[in-house]
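Chain residues, written in single-letter form:
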Amino acid sequence: MTAWHFTGPPGSDVDDLGFMRPWSPLEESGCQKQYETWYASYLPIVVRRRCRWEKENPRRNSHLLQRFVRKGIPHTFRKELWLRSCPSRKDGVWQRHEVPDEVIKQIKLDLPRTFPDNKFLKTETTRKTLGRALFAVAEHIPSVGYCQGLNFVAGIILLVVNDEARAIDLLVHLVSQRQDYYGKNMIGLRRDMHVLHSLLREHCPRVIVTLEKLDVGLDMLVGKWFVCWFVENLPMETVLRLWDCMIYEGDEWLFKIAVSLFRSNMIAISSCETIDQLMTEIQNIGTSKAALYCHQLMMKSAALPITNKSIENLRVIAEKEIPE
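Residues numbered from 1 in each chain as written. Predicted model: local features only at pLDDT ≥ 70, side-chain atom pairs only at ≥ 80, totals over all residues. Heavy atoms only, no water.

**Section: the overall build of the protein chain**
Argument step 1. Each helix and strand in the protein chain was counted, giving 17 helices and 0 strands.
Argument step 2. In terms of C-alpha radius of gyration, the protein chain reaches 20 Å, essentially the compact-globule figure of 20 Å for 324 residues.
Argument step 3. Considering only C-alpha atoms, the protein chain reaches an extent of 50 × 50 × 45 Å along its principal axes.
Argument step 4. The buried share among the 324 residues of the protein chain stands at 52%.
Argument step 5. For the protein chain, the accessible surface area stands at approximately 15300 Å², while carbon and sulfur atoms represent 51% of it.
Argument step 6. Within the protein chain, one finds 43 positive and 39 negative side-chain charges whose respective centroids are separated by 6 Å. (Helix = DSSP H or I, 4+ residues; strand = E, 2+ residues; numbered from the N terminus. Rg over C-alpha atoms; globule rule 2.2 N^0.38 Å. Buried < 20%, exposed > 50% of the residue type's maximum accessible area, 1.4 Å probe, protein only. Areas by Shrake-Rupley, 256 points an atom, 1.4 Å probe, with all protein chains shown as cover. Lys, Arg positive; Asp, Glu negative; His and termini not counted. Charge placed at Lys NZ, Arg CZ, Asp CG, Glu CD.)

Right, dumping it as structure tokens:
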């Protein structure tokens, strides 16, 4: 998993979210040059965007806010924007349910596996906080219980929000919006893989030709992208930029990013002759230049004619075609 983030004190081996930087002598990914080239091009964008946010204050101007969110929320404003429409559990929005022992056991097993090298998440105190967050999901959304990968989602939310109660509120809120991705039959995930297939047929048909030739489904290849909202598959700064838009605008951004990534890697994918080759190319997407250069990825994705309305229309069709 690529967990690079970039903000924090210059020259520090650890960024402000507690992840190891590639230039640290402790980092063994071998991606230092690639990261430094990206960083040199991205830092001026971040500085410029922060100045614009401070000057124009789009938080008080709904006409500006969407455009500003798409171009990146500065770290200092991210918590506020993520929580803007998030209800509080104190308001009784979600009922409490008994959590099965098996779910608790699964959660405990995954706690030490959650970003084990992160400076903050590897402490015993923070792991207990992470456990309480995942328990809250199972307690309030019994149809979800616990799904592997949600530990990474919860970890990022805890790091960004840095407030246990509100981080848990946001985690439960976001999972509840996509709860049909989880559970025994994962009906929502199968439906949205059908929707993604339709979008790929329209926007990059060569990929679909390859998938059909090899007789492989998208759920096996990229289902994890949607289950964990890309947190296990893309560089951390790219994940944060995607989540900025997903939280503010909705699920259309999961599809926009997926289609953009397939389009950027279409030649390599369409040249695959075996399922093993295809799986390798899909795995390589997360470390591709398209995935690392998040600002360009977000701008290309924003230009795609994929909206929440078009997604809902495709979901209606998909629900009629997928088996129960």
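Moving on from the model shown.
**Quick notes on the environment of R50**
Argument step 1. The topology assignment puts R50 in helix α1 (residues 32-56).
Argument step 2. Residue classification places R50 among the partly exposed positions, given a relative accessible area of 37%.
Argument step 3. Considering only alpha carbons, one finds R50 and F68, 18 residues apart in sequence, at a separation of 10.0 Å.
Argument step 4. Setting aside residues no more than four positions away along its own chain, R50 makes contact with P74 and T76. (Contact = heavy atoms within 4.5 Å.)

**Re helix α12 (residues 252-264)**
Argument step 1. Taking 1.5 Å per residue, 13 residues should reach 18 Å; α12 reaches 18 Å between its end C-alpha atoms and fits that length.
Argument step 2. Most of α12 is tucked away, with 11 of its 13 residues classed as buried.
Argument step 3. Within the sequence span of α12, burial applies to E252, W253, L254, F255, K256, I257, A258, V259, S260, L261 and F262. (Expected span 1.5 Å × (residues − 1).)

**Some remarks on the UniProt feature "domain: Rab-GAP TBC" (unreviewed entry) in the protein chain**
Argument step 1. Feature annotation in UniProt places "domain: Rab-GAP TBC" (unreviewed entry) on residues 72-250, given in this structure's numbering.
Argument step 2. Along residues 72-250, the helical share is 63% and the strand share 0%, with 16 Å between the first and last C-alpha atoms. (UniProt positions renumbered as here; feature names shortened; annotations may be inferred.)

**Details of the nonpolar core**
Soluble globular proteins tend to pack their nonpolar side chains together in the buried interior.
Argument step 1. Residues I156, L196, W225, F226, W243 and F262 are the most contacted members of the largest nonpolar core, which totals 101 residues.
Argument step 2. The residues contacting F262, other than those within four sequence positions of it, are L200, C204, V207, L218, V222, W225, I269 and I282.
Argument step 3. Core analysis: the second largest hydrophobic core is formed by 7 residues, W38, L292, Y293 and C294 among them. (Core = buried A, V, L, I, M, F, W, Y, C linked by side-chain atoms within 4.5 Å.)

**Details of the packing of helix α6 (residues 150-161) against helix α11 (residues 236-249)**
Argument step 1. At a closest axis distance of 12 Å, the pairing of α6 and α11 adopts a crossing angle of 80°. When the axes of α6 and α11 are compared, the pair comes out roughly perpendicular. Here V153, I156, I157 and V160 of α6 come into contact with α11, specifically with M236, L240 and W243.
Argument step 2. Its residues assigned to classes, the contact of α6 with α11 shows 7 nonpolar, no polar and no charged. (Axes fitted to C-alpha atoms, helices over the stretch in contact; angles between N-to-C directions. Parallel < 35°, antiparallel > 145°, perpendicular 65-115°, else oblique. Nonpolar A, V, L, I, M, F, W, Y, C, P; charged D, E, K, R; others polar.)

**Considerations on the packing of aromatic side chains**
Argument step 1. For the structure shown, the criterion picks out 15 aromatic pairs.
Argument step 2. Arranged with centres 5.7 Å apart and planes meeting at 80°, the rings of W53 and F68 form a pair that is edge-to-face. Taken together, the residues span a long stretch of sequence, with W53 in helix α1 and F68 in helix α2 (residues 62-70) at a distance of 15 residues. Both residues of the pair, W53 and F68, belong to the buried class.
Argument step 3. Taken together, a centroid distance of 5.0 Å and an interplanar angle of 75° make the contact between F226 and F255 edge-to-face. Taken together, the positions of F226 in helix α10 (residues 218-227) and F255 in helix α12 put the pair 29 residues apart, joining distant regions of the chain. Residues F226 and F255 agree in their burial class; the two are buried.
Argument step 4. The positively charged end of R49 is found above the aromatic ring belonging to F68, 4.8 Å away from the centroid. (Phe/Tyr/Trp six-rings, centres within 6.5 Å; stacked < 30°, edge-to-face > 60°. Lys NZ or Arg CZ within 6 Å of the ring centre and 35° of its normal.)

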